[in-house]
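Notes for the structure review
Listed below, chain by chain, are the residues.
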Amino acid sequence: MEGDLPKHVAIIMDGNGRWAQTRHFGRTLGHHEGAKRVDEIVSECADLGIRYLTLYAFSTENWNRPATEIKVLMGLLVQHLSALDKKLVKNHIRLLSKGQVDRLPGFARNELQRVVDLTNYSDPKMSLTLCLSYGGRQEIVDAVKALAQKVQDGKLAPDAITESMITEHLYQPDVPDPDLLIRTGGEYRVSNFLLWEIAYTELYVTPTLWPDFTLPELHKALDTYQHRERRYGKTSEQVVSTPSAP
Ligand code: FPP
């Protein structure tokens, strides 16, 4: 693959329900098929040398779905983690979670924690972050609360608050901002995903539904990214002479 690969790819895996419904199956079958793509995309990203992969698996808003669908999604998560752990260990992939995971049912929380602990490598080949019970606004609110506490304790002056301090109080402060955000399923919105982190992220929207997002589709997204010019507010001429992030 030519050109610079993104260091961090984030994905909104949308379209499982529609994939199933167009085939006259129940929505949950779409989630089962979607889980298979998760496996393939994780392996391929690690093989390509992408250092960080972040997947939007369950949003704070997804708690409003029918209880039966939530149950299937939680069951799938656990079933999937129980099988994925060997692959993560074999490939030296660290699992991280991001979101209000204390809202997950105990069996899902425990399995998640088991695999997070099992793969706690200090030098991972890739870090895979699963966003679970995640909302971008809530993440910012939680960071602001932590800073407000420091102000109240007299440890921080309001005027001294910087952008990097907010970044340092996000759920996974050591994970850099995504370079590329892929959204499958064709909707042109960010759906409360990584609101702070995607300020300068390149966006790629494909009509392909998540269960159809096979490796050639991933390669197409990466190829598109490699042809983008990231200007970070500068002019094209400035970027060509001194290509660098802000
Ligand atoms: C959005 O499709 C997808 C989700 C809400 C869940 C994503 C879950 C998976 C891909 C499978 C399990 C994940 C792991 C990590 C094992 P949608 O249901 O909103 O689709 P629609 O827009 O067509 O209704």
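Before reading further, recall that the structure is shown in the block above.
What counts, and where the lines are drawn
- Residues numbered from 1 in each chain as written.
- Predicted model: local features only at pLDDT ≥ 70, side-chain atom pairs only at ≥ 80, totals over all residues.
- Heavy atoms only, no water.
- Pairing = 2+ DSSP bridges.
- Helix = DSSP H or I, 4+ residues; strand = E, 2+ residues; numbered from the N terminus.
- Axes fitted to C-alpha atoms, helices over the stretch in contact; angles between N-to-C directions.
- Contact = heavy atoms within 4.5 Å.
- Buried < 20%, exposed > 50% of the residue type's maximum accessible area, 1.4 Å probe, protein only.
- Polar contact = N/O pair within 3.5 Å; in protein donor to acceptor, adjacent residues only side chain to side chain.

1. Some details on the sheet that holds strand β1 (residues 8–12)
Pairing is parallel in the open sheet, where six strands are placed in the order β3-β4-β2-β1-β5-β6. One side of each edge strand has no neighbouring strand; the edge strands of this open sheet are β3 (93–98) and β6 (202–205). Each neighbouring strand pair of the sheet contributes to a mean axis angle of 20°, computed without reference to strand direction. Inspection of the sheet shows strand β5 (residues 180–183) paired to β6 by four bridges, in the parallel sense. Bridge pairing links Leu180 to Glu202 in β6. Sheet strands touched by helix α2 (residues 27–48): β1, β2 (52–59), β3 and β4 (126–134). Its angle to β2, the strand with the most contacts, is close to 160°.

2. Let's talk about the environment of Thr60
Considering the arrangement of structural elements, one finds Thr60 in the loop between β2 and α3 (67–90). Since its relative accessible area comes to 15%, Thr60 is described here as buried. Separated by 72 residues in sequence, Thr60 and Leu132 have C-alpha atoms that sit 7.9 Å apart. Those residues in contact with Thr60 that lie beyond four places of it in its chain are Arg103, Ser133, Tyr134, Gly135 and Asn192. Engagement of the side chain of Thr60 in a polar contact is seen with the side chain of Glu61, the distance being 3.1 Å.

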